[in-house]
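# Survey of secondary and tertiary structure
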Amino acid sequence: MTSFLDPLIAFVSAHAWLAYLTLFLAALLEAVPVVGSLVPGSTIILALSALVPGGELKLWPVLAAAACGAMLGDGTAFMIGYRSQREILSAWPLSNYPRVVAQSEAFFNRWGVLAVFFARFVPPIRAFVPITAGALDMPPARFYAVNIPAILLWAPAHVLPGVLAVTALHDYAGLPHHQHVGKHLWMFAVAGGAVILALAIWTIRRRHGGGLIEPARPTK
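Counting from 1, residues in each chain are numbered in the order their sequence is written. Thresholds applied to this predicted model are a pLDDT of at least 70 for local features of residues and 80 or more for the giving and counting of side-chain atom pairs; totals over whole chains, interfaces and linings are not thresholded and use all residues. The side-chain quantities take in all heavy atoms of the structure and omit both hydrogens and water.

## A closer look at the overall build of the protein
The helix and strand labels rest on DSSP assignments: H or I over at least four residues marks a helix, E over at least two residues marks a strand, and numbering proceeds from the N terminus. When helices and strands are tallied, the protein shows nine helices and zero strands. Across the protein, helices and strands are ordered from the amino to the carboxyl terminus as α-α-α-α-α-α-α-α-α. Note on classification: 1.4 Å probe, protein chains only; a residue is buried when its accessible area is under 20% of the maximum for its type, exposed when over 50%, partly exposed between these limits. Scored against the burial criterion, the 220 residues of the protein give a buried share of 41%. Surface exposure here means Shrake-Rupley accessible area, sampled with a 1.4 Å probe, where a residue is shielded only by the protein chains that are shown. Of the accessible surface of the protein, which amounts to about 11,500 Å², a share of 70% is contributed by carbon and sulfur atoms.

## Digging into the confidence of the model for the protein
Model confidence for the protein is summarised by a mean pLDDT of 85, while 88% of its residues fall at 70 or above. Here pLDDT means the predictor's own confidence in every residue, given as a number from 0 to 100. Taking the mean pLDDT of every element in the protein, the minimum, 74, falls on helix α1 (residues 2-14) and the maximum, 95, on helix α4 (residues 59-84). Predicted confidence is poor over residues 210-220, with pLDDT under 50, and the contacts of this stretch with residues over four places away or in other chains come to 21 contacts. Working rule for contacts: check all heavy atoms of both residues, and any pair within 4.5 Å makes them a contact.

## Section: unusual backbone geometry
With an omega dihedral of 5°, the bond running from Trp92 to Pro93 counts as a cis peptide bond. The residue Pro93 is located in the loop between α4 and α5 (98-111) in this model. Residue Val34 is not a glycine yet carries a positive backbone phi of 70°. Position of Val34 relative to the elements: it lies in the loop between α2 (16-30) and α3 (41-48). Relative accessible area serves as the criterion here: at 12%, Val34 is assigned to the buried category. With a phi close to 60°, Gln85 is a non-glycine residue in the positive phi region.

## Structural notes on the environment of Arg83
Among the secondary structure elements, Arg83 is positioned in helix α4. Since its relative accessible area comes to 71%, Arg83 is described here as exposed. Along the backbone, Arg83 and Asp137 are 54 residues apart, and their C-alpha atoms lie at a distance of 8.8 Å.

## Focus: the packing of aromatic side chains
Each pair of aromatic rings taken from Phe, Tyr and Trp, with Trp reduced to its six-membered ring, is defined by centres within 6.5 Å and is described as stacked if the planes are under 30 degrees apart, edge-to-face if over 60, and tilted in the remaining cases. A full pass over the atoms with the stated rule returns seven aromatic pairs. Ring geometry for Phe78 and Tyr82: centres 5.7 Å apart, planes at 20°, overall stacked. Placement of the pair is Phe78 and Tyr82 together in helix α4, with a separation of four residues, close to one helical turn. A relative accessible area of 0% places Phe78 in the buried class.

## Quick notes on the nonpolar core
Judged by nonpolar contacts, the single largest core of 29 residues is most densely connected at Leu23, Ile45, Leu51, Leu57, Val62 and Trp154. Counting residues per element, the ones that place at least two in this core are α1, α2, α3, α4, α8 (140-171) and α9 (181-207). Excluding its chain neighbours within four sequence positions, the residues that come into contact with Leu51 are Ile9, Val12, Glu56, Leu57, Lys183 and Met187. Put simply, buried Ala, Val, Leu, Ile, Met, Phe, Trp, Tyr and Cys residues joined by side-chain atoms within 4.5 Å make one nonpolar core.

## Some details on the packing of α2 against α3
For any two helices packed against each other, one specifies the crossing angle of their axes together with the interaxial distance. Angles shown run from 0 to 180 degrees and are taken between the N-to-C directions of axes, each axis being a line fitted to C-alpha atoms and, for helices, limited to the stretch in contact. Direction vectors running N to C along α2 and α3 enclose 150°, while the axes themselves pass 8 Å from each other. Comparing the axis directions of α2 and α3 gives the class roughly antiparallel. Between α2 and α3 lies a crossing whose hand is left-handed. Two secondary-structure elements touch here, α2 through Ala19, Thr22, Leu23, Ala26, Ala27 and Glu30 and α3 through Gly41, Ser42, Ile44, Ile45 and Leu48. Counted by class, the contact of α2 with α3 contains seven nonpolar, three polar and one charged residues. Orientation is classified from the angle alone, with under 35 degrees giving roughly parallel, over 145 giving roughly antiparallel, 65 to 115 giving roughly perpendicular, and any other angle giving oblique. Should the near helix be turned anticlockwise from the far one by less than a right angle, the crossing is left-handed, and should it be turned clockwise, the crossing is right-handed. Three classes are used, and their members are as follows: Ala, Val, Leu, Ile, Met, Phe, Trp, Tyr, Cys and Pro are nonpolar, Asp, Glu, Lys and Arg are charged, and the others, Gly among them, are polar.

## Thoughts on the environment of Pro124
As for its position among the elements, Pro124 is in the loop between α6 (113-119) and α7 (129-135). The spacing of Pro124 and Ser37 is 87 residues in sequence and 4.9 Å in space, taken between C-alpha atoms.

## Describing the pattern of salt bridges
Take a side-chain nitrogen of Lys or Arg and a carboxyl oxygen of Asp or Glu: if they are within 4 Å of each other, that pair is a salt bridge. One pass over the structure, following the stated rule, counts four salt bridges. Arg126 is the partner of Glu30 in a salt bridge, and the nearest nitrogen-oxygen pair spans 3.0 Å. With Glu30 in helix α2 and Arg126 in the loop between α6 and α7, this pair connects stretches of sequence that are 96 residues apart. In terms of burial, Glu30 and Arg126 fall into one category: buried. Put simply, Arg120 and Asp74 hold a salt bridge, and the shortest N to O gap is 2.9 Å. Residue Arg120 is found in the loop between α6 and α7, and its partner Asp74 is found in helix α4; the two are separated by 46 residues along the sequence. The class for Arg120 is buried, based on a relative accessible area of 1%.

Below is the structure:
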């Protein structure tokens, strides 16, 4: 893994704009219904945040890329739902995921406007609540008044842990910056944590009769 990460870090140093674009797309795709349940956007953002302390990436552009991607993704999903109304919830591809649509609708009905805020921090519901809020005719001004502050908290919550962890490893644990040891440890931890979490969720879902985003079985 170290032999893979070192060239990656060097590549990012030489092509930082591609990393910012990756962060933007990761946050954007994570907000797309169905797709957002499969794209590990949060993992990508957490991992790349390790490149901020060493200067390969800059903090404010990283935060801006993640926030702008999330705003565009959530905003687009909301407007699609708002213009299509409830018809979109029974249209393809959402028609293949009735369980998640039902959970998203129940989540929204229970929490109301706060559902938009909470959903930003709860995958995979995060990818379904904006379009559901639009389909249930939530006023756009109310949606954006809650969604934008949520994203402005969500972006630092995904970026700053990596920045602080890597900085602490170098400044307080004595790990040398030039050997990228802190970056390696953080990226390994994020990747390993994501795999363990995915396996735990898969196991729990299997024991309870299927996955949360399992497509509906065709009726005969």
